[in-house]
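Observations on chain architecture
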Amino acid sequence: MAKNLEISFLLDFYGDVLTERQREVMEQYYNDDLSLAEIADNFGITRQGVRDSIKRGEGIILDLEQKVGFAARYRAVQQGVAQLESLARSIRFANSNSYSPSAEIERDVDAMLEEIRRITD
């Protein structure tokens, strides 16, 4: 069972829908990088029990992401915000290097960047 960063990312979004034990097992496996044997020792269960718990948890969070798509939407918003910030900075650079820079453009860029900071903080 190859460890998957996508599952770790989804665990941050949907971990609360799992049972406490499932979530803890998955966090130890994906986030703490513990082996099945180490996790089995921590919980007093077999390695197969750990593997089964991880597989069930993976199925639940993958199914949930497929149905509601919160993680995909979050990524899309983050990418869009980064693109907007890059564009605003490009506008500022072009304005400052023009023959007669516009104070209005500079104010608008400042407002855009401030709004981006507000959204992302």
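Here is a short report on the structure shown in this document. None of the values given here were measured: they were computed from a predicted structure.

So, the packing of helix H3 (residues 36-43) against helix H4 (residues 47-68)
The geometry of H3 relative to H4 is characterised by a closest axis approach of 8 Å and an angle of 100 degrees between their N-to-C directions. In terms of orientation, H3 lies roughly perpendicular with respect to H4. Judged by residue contacts, Leu36, Ala37, Ile39 and Ala40 of H3 engage Arg47, Val50, Arg51 and Ile54 from H4. By residue class, the composition of the contact of H3 with H4 is six nonpolar, no polar and two charged.

Digging into a nonpolar patch on the surface
Residues Phe13, Phe70 and Tyr74 make up a contiguous nonpolar surface patch of roughly 290 Å² in combined accessible area. With a relative accessible area of 46%, Phe70 lands in the partly exposed category.

As for the environment of Tyr29
With respect to the helices and strands, the residue Tyr29 is situated in helix H2 (residues 20-31). Here Tyr29 falls in the buried class, since its relative accessible area comes to 5%. Spatially, the C-alpha atom of Tyr29 lies 9.2 Å from that of Val50, the residues being 21 residues apart in sequence.

So, H4
In an α-helix there are 3.6 residues to a turn, and that puts residues three or four apart on one side. Relative to the 32 Å expected for 22 residues at 1.5 Å per residue, H4 spans 32 Å between its end C-alpha atoms, a close match to the ideal helical length. All buried positions along H4 are accounted for by Val50, Ser53, Ile54, Gly57, Glu58, Ile61 and Glu65. Down the axis of H4, the buried set is contained in an arc of 135 degrees. They therefore lie on one face. For H4, exposure combined with an orientation more than 90 degrees from the buried face picks out Gln66 and Lys67. The inward-facing, buried residues of H4 abut helix H1 (5-14), H2, H3 and helix H5 (70-96).

Regarding H3
For H3, the complete set of buried residues consists of Leu36, Ile39, Ala40 and Phe43. Angularly, the buried residues of H3 cover 105 degrees about the axis, an arc narrow enough to put them on a single face. Next to the buried residues of H3 lie H2 and H4. Downstream of H3 by a residue or two, Gly44 has a phi angle that is positive, lying close to 70 degrees.

Parameters at a glance
- As a convention, each chain's residues are numbered from 1 in the sequence order in which they are written.
- Totals for whole chains, interfaces and linings use every residue, but because this is a predicted model, local features are given only for residues with pLDDT of at least 70 and side-chain atom pairs only at 80 or more, for both listing and counting.
- Side-chain metrics rest on all non-hydrogen atoms present in the structure, leaving aside hydrogens and water.
- Structural elements are reduced to axes, namely lines fitted to C-alpha atoms, with helices fitted over the stretch in contact, and the angle between N-to-C directions of any two is expressed from 0 to 180 degrees.
- Only DSSP runs of H or I covering at least 4 residues are called helices, and only runs of E covering at least 2 are called strands; the numbering of each starts at the N terminus.
- Every angle not falling under 35 degrees, over 145, or within 65 to 115 is termed oblique; those three ranges are roughly parallel, roughly antiparallel and roughly perpendicular.
- Pairs of residues are marked as contacts when any of their non-hydrogen atoms sit within 4.5 Å.
- For this classification, Asp, Glu, Lys and Arg are treated as charged, while Ala, Val, Leu, Ile, Met, Phe, Trp, Tyr, Cys and Pro are nonpolar and the rest, including Gly, are polar.
- Here the term patch refers to residues with relative accessible area over 30% and no salt bridge, with like charges joined within 9 Å and nonpolar side chains (Val, Leu, Ile, Met, Phe, Trp, Tyr) within 5 Å.
- Here the open area of atoms and residues is found with the Shrake-Rupley method and a 1.4 Å probe, where only the protein chains shown may cover a residue.
- The term salt bridge refers to a pairing of a side-chain nitrogen on Lys or Arg with a carboxyl oxygen on Asp or Glu at a separation within 4 Å.
- Using a 1.4 Å probe on the protein chains alone, a residue whose accessible area is under 20% of its type maximum counts as buried, one over 50% counts as exposed, and one in between counts as partly exposed.
- Multiply 1.5 Å by the residue count of a helix minus one, and that product is the helix's expected span.
- This arc is built from the directions going out from the helix axis to the C-beta atoms.

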